[in-house]
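# Fold and contact review
Read off the chains here:
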Amino acid sequence: MFQNNPLLAQLKQQIEANKEYVEGVVKASDKSYGFLECDKNSYFIPPMEMKKVMHGDKVKAVVKRDGDKEQVEIDSLIEPMLGRFIAQVRFNRDGKLQLAVDHPNIKNLVSANTHKQVSEKLENGDWVVAQLKTHPLRDDRFLFAQITQFICKAEDNFAPWWVTLARHEQPREPVSNADHYTLSDQLEREDLTSLYFTTIDSPSTQDMDDALYIEPIEENNTQLGWRLVVAIADPTAYIPENSTIEKAARQRCFTNYLPAFNIPMLPRELSDDLCSLVPNQKRPALVSYIETDLTGNIIGEARFVSAWVESKAKLAYDNVSDYIEGTENAWQPESVETKQQIDRLYQFTLARIDWRAKNALLFKESGDYSFDINEDGSVREIHLEHRRIANQMIEEAMIIANICAAEFLEKYAQTGIFNTHNGFDSKNLEVAHKFLLDTLATAENQEKLTACYSPERLATLEGYCEMRRSIDDFPEKFLELRLRRYLTFAEFKAKAAPHFGLGLNHYATWTSPIRKYGDMVNHRLIKQVLVQQSADTTAEIPPVDESIFTRLQEARRQNRLVERDVADWLYARYLAPMVEQAVEFDCEIADVSRGGVRAKVNSNGAQIFIPMSTIHDKKEEIDYRPEEIALYIKGEKTYQIGQNVNIKLKEVRLDTRSIIGEIIH
C-alpha cells in the first residue's frame with residue numbers, strides 16, 4: 001500500500017533535506033568513544049557508532065543534537081584509514097587469524113586470511129604486510145584483511161629495520177650484481193694517476209666516491225690562488241642507460257644509510273669495489289679542475305675531463321682533524337706528499353669558509369647523532385658527532401664542485417638536476433616580515449629594518465642572505481626556529497634556480513654518483529657535453545625527464561621517514577631500561593602544541609613528549625600561542641621552542657615507540 005506512495009517519498013525527501021551532514025576524520029580515544037574532527041568543529045562519536053569505523057577513517061556523518069549536546073551518527077565511508085598496512089599476527093582462542101595494526105591509535109583487531117603467495121608458517125607476534133579487503137561502511141561486513149607479505153619473525157632483533165623498510169616500501173637487499181661489467185667510454189680518458197689524490201672518509205667507508213688533489217697557482221714565485229682537482233667515481237662508465245641496474249637505481253634514487261648497515265643504490269660490486277676510489281687502484285673518474293684566488297673567489301670556468309685516477313692514501317676524518325688541531329699524540333701524515341695535501345686543503349678550506357660567510361650562508365653546527373649497534377641489533381651507545389675541520393674540508397670541496405657543475409650544466413646543457421630552495425613560502429613573506437619587525441625592531445632601527453626585511457627584499461636571494469646573516473648573533477634560538485616554519489621545502493628542478501638555504505645562485509650535485517641517482521644523471525649530462533665539445537657539435541640536449549624529478553622527491557621523503565622511524569624504535573629500546581631509574585636529561589624544546597611539549601635530549605637526540613596534563617593541573621590557566629610556539633601559564637610565557645629544560649623519563653611504550661617524560665620544575 002505504501003509502495004510508490006508519492007506522499008511517503010516527499011516525506012523522505014523532507015527528512016533528508018533537514019539532516020545536517022558533516023565530513024571529517026575519526027579520532028579514536030582511549031575509551032570506547034571517539035570524535036569526528038571536521039574543519040572547524042569536533043563532534044562526539046558514541047561507542048555504538050565507533051564500532052562502524054576506526055581511527056583515521058574519513059567519513060560522512062549526520063549531526064544529532066540534544067539540547068546543548070552534539071554527537072554524530074555515521075552515514076558513509078569517504079576514505080578508509082587502512083589500505084596497505086603493517087601489522088602483527090594475533091591468533092584468538094579459537095585459533096582464528098587476526099591482525100593488530102601497527103598504529104598507536106588503532107585498537108581494532110582485524111580478521112584476516114593469508115594470500116597463497118605467503119608461504120611462511122605464521123605465529124603470534126610475527127610482522128606482516130596486509131591489505132584491507134572489507135569495511136563495515138563500504139561492504140556491509142566486518143573489517144577484514146589479507147596478508148600479502150611476510151616481513152620477519154616476532155623475535156627478530158632487526159625488526160625495527162625490516163618493518164620500517166616494508167612500511168615505506170623500500171628494498172632491504174642490494175641491487176643484484178651483473179654477470180660482468182664492461183667499461184664503455186665515448187671519451188678518451190686522460191691519465192691523471194700521477195697526481196697525488198687522497199680520500200678522507202670514515203674508517204669504515206667502502207663506497208668512496210670523491211678524491212682530491214690541490215696545488216697552488218703561482219706566478220714569479222708568488223702564490224695567486226689554488227687549483228683544486230676533484231675526482232669523482234664514474235659508475236655510469238659501467239652502467240648502460242637502459243640496463244636493469246640503471247632502472248633499479250632510478251627507482252631507489254639514494255643509498256639508504258641506516259644504523260648498523262646501508263642498503264646501496266648500486267650493486268656492492270660497483271659501489272664498494274669497481275667504482276670506489278680505494279687507495280693504490282686505478283679507477284675511472286669524472287674530474288673537475290677548479291681555480292680560486294687566495295680569498296676563495298672562483299676564477300674563470302671550471303674544466304671537466306674524463307680521466308683515470310689513483311688515490312694514494314685513504315685518510316680518516318678524526319685523524320686528519322687531530323693532526324690539524326694539534327691534539328696531543330695525534331696521528332701524523334705518513335708521507336711528505338700526504339702532509340702537503342692536507343695542509344694545502346686546510347688553507348683552501350679556511351678561504352672558502354670565509355668567502356661563504358661573506359657571500360653566501362654557512363651551516364649552523366648542531367652535530368649528528370649516531371647509533372653504535374651490537375651484533376644482536378641492540379643499541380650499545382648513542383654518540384653526538386660534531387663536524388670537525390676534516391669534515392669541513394671535504395664539505396667545502398664538494399660545495400664548490402657542485403657550484404661549478406651547476407654553472408657548467410646551465411651554460412652548456414641548459415638542463416640538469418639542480419638543487420633549489422625558494423626561501424620563504426610566498427604566502428608567508430608578509431608574516432615573516434611582521435615577525436622580524438616585532439622581534440627585532442626598536443625605535444632607533446625601525447625604518448632601516450622595515451626596508452631590509454620588506455617582503456619584496458626577503459623574496460630575493462640577496463635580501464634573504466642579508467637577513468640570515470643579520471640574525472646569526474641573536475642569542476635566542478627561538479628566532480631561527482620560528483623562521484623555519486615560514487620556509488618552503490628544497491626541490492629538484494630541470495633549470496638552474498637559486499638555493500636560498502645555501503645562499504647560492506645555482507647548485508647541482510654530481511659528487512656522489514655511487515649514492516645518488518640525480519648525480520648519475522648529471523654525470524651523463526656533463527659527459528654528453530664533453531662528447532659534443534670534442535666533436536665540435538652543438539646539438540640540443542633534451543631536458544631531463546620530469547618523472548625523474550617526481551621520483552627523486554618521493555624517494556628523498558621516503559628515506560627520511562625510514563631514518564626517522566628506525567631511530568624512534570631504537571631510541572625506545574635504548575631508553576626503556578632507564579624508566580625504573582627515572583633518569584633525568586638536559587633537553588631543548590623542539591615543539592609546543594595544544595597536546596603538550598616535545599623536547600630533544602641534547603646528549604643523544606631522543607624525542608620525549610610531555611603531555612599537557614602533567615605541565616599544569618589547571619587547564620583554564622594554560623594559553624597555547626601557536627604564533628610564538630609557546631605556552632603561557634597564568635599569563636606568563638613559561639615554555640617556548642628552543643628553550644632548555646630538564647626532563648625526567650617516565651614511560652616508554654615499545655609497542656608505539658613513544659617516550660613520555662615530565663618537566664622538572
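Residues numbered from 1 in each chain as written. Predicted model: local features only at pLDDT ≥ 70, side-chain atom pairs only at ≥ 80, totals over all residues. Heavy atoms only, no water.

### Re the packing of aromatic side chains
In the structure shown here, the tally under the stated rule is 20 aromatic pairs. With a centroid separation of 5.2 Å and an interplanar angle of 70°, the aromatic rings of Phe304 and Trp510 are classed as edge-to-face. Of this pair, Phe304 sits in strand E18 (residues 303-316) while Trp510 sits in the loop between strand E22 (491-493) and helix H15 (517-535), and the two are 206 residues apart along the sequence. Here Phe304 falls in the buried class, since its relative accessible area comes to 4%. Trp510 sits in the buried class, given a relative accessible area of 0%. Across from the ring centre of Tyr21, 4.4 Å away, lies the NZ or CZ of Lys60, which sits over that ring. (Phe/Tyr/Trp six-rings, centres within 6.5 Å; stacked < 30°, edge-to-face > 60°. Helix = DSSP H or I, 4+ residues; strand = E, 2+ residues; numbered from the N terminus. Buried < 20%, exposed > 50% of the residue type's maximum accessible area, 1.4 Å probe, protein only. Lys NZ or Arg CZ within 6 Å of the ring centre and 35° of its normal.)

### Side note on the layout of surface pockets
There is about 1700 Å³ of room inside the second largest pocket. If you go around the second largest pocket, you meet 48 residues; those closest to its centre are Pro104, Asn105, Thr656, Arg657 and Ser658. The biggest single contributor to the lining of the second largest pocket is helix H16 (residues 546-575), with 6 residues. Of the residues in the lining of the second largest pocket, the class split is 19 nonpolar, 13 polar and 16 charged. (1 Å grid on protein atoms, 1.4 Å probe; cavity = no way out; pocket = protein on both sides within 12 Å on 5 of 7 lines; lining within 4 Å. Points joined across faces, edges and corners; volume = space filled by probe spheres on them. Nonpolar A, V, L, I, M, F, W, Y, C, P; charged D, E, K, R; others polar.)

### A short note on the UniProt feature "domain: Cold-shock" (unreviewed entry) in the protein chain
Taking the UniProt record as the reference, the feature "domain: Cold-shock" (unreviewed entry) is found at residues 23-78. Between the first and last C-alpha atoms of residues 23-78 the distance is 8 Å; the span itself is 7% helix and 59% strand. (UniProt positions renumbered as here; feature names shortened; annotations may be inferred.)

### Some points on the UniProt feature "domain: RNB" (unreviewed entry) in the protein chain
Annotation from UniProt places "domain: RNB" (unreviewed entry) at residues 189-532. Annotation note: span residues 189-532, helix share 38%, strand share 23%, distance between end C-alpha atoms 15 Å.

### Things to note about the pattern of salt bridges
For the structure on display, the rule yields 46 salt bridges. Asp565 serves as the salt-bridge partner of Arg564, at 2.8 Å between the closest nitrogen and oxygen. Asp565 gets classed as buried once you look at its relative accessible area, which sits at 14%. One salt-bridge network, in which partners are shared between bridges, spans Asp185, Arg189, Asp234 and Lys527. (Salt bridge = Lys/Arg side-chain N within 4 Å of Asp/Glu carboxyl O.)

### Regarding the nonpolar core
The biggest cluster of nonpolar side chains holds 83 residues, and the ones touching the most others in it are Phe197, Ile200, Leu228, Val230, Val287, Trp510 and Ile526. Looking at which element gives the most residues to this core, the answer is helix H9 (residues 389-412), with 13 residues. When residues no more than four places from it in sequence are discounted, the contact partners of Ile200 are Leu315, Ala316, Tyr317, Val320, Leu345, Ala390, Met393 and Ile394. (Core = buried A, V, L, I, M, F, W, Y, C linked by side-chain atoms within 4.5 Å. Contact = heavy atoms within 4.5 Å.)

### Quick look at the pairing of strand E2 (residues 34-37)
Alternating residues of E2 divide into Gly34 and Leu36, all buried, and Phe35 and Glu37, none buried. Examined bridge by bridge, strand E1 (residues 21-28) and E2 share 4 bridges and lie antiparallel to one another. When the bridges of E2 are listed, Lys27 appears paired with Phe35. Hairpin connection of E1 to E2: 5 residues between the antiparallel strands. Where E2 and strand E3 (residues 42-45) come together, 4 bridges link them in antiparallel fashion. Each bridged residue has a counterpart across the sheet, and for Leu36 the counterpart in E3 is Tyr43. Counting the residues in the hairpin turn of E2 and E3 gives 4 residues. (Pairing = 2+ DSSP bridges.)

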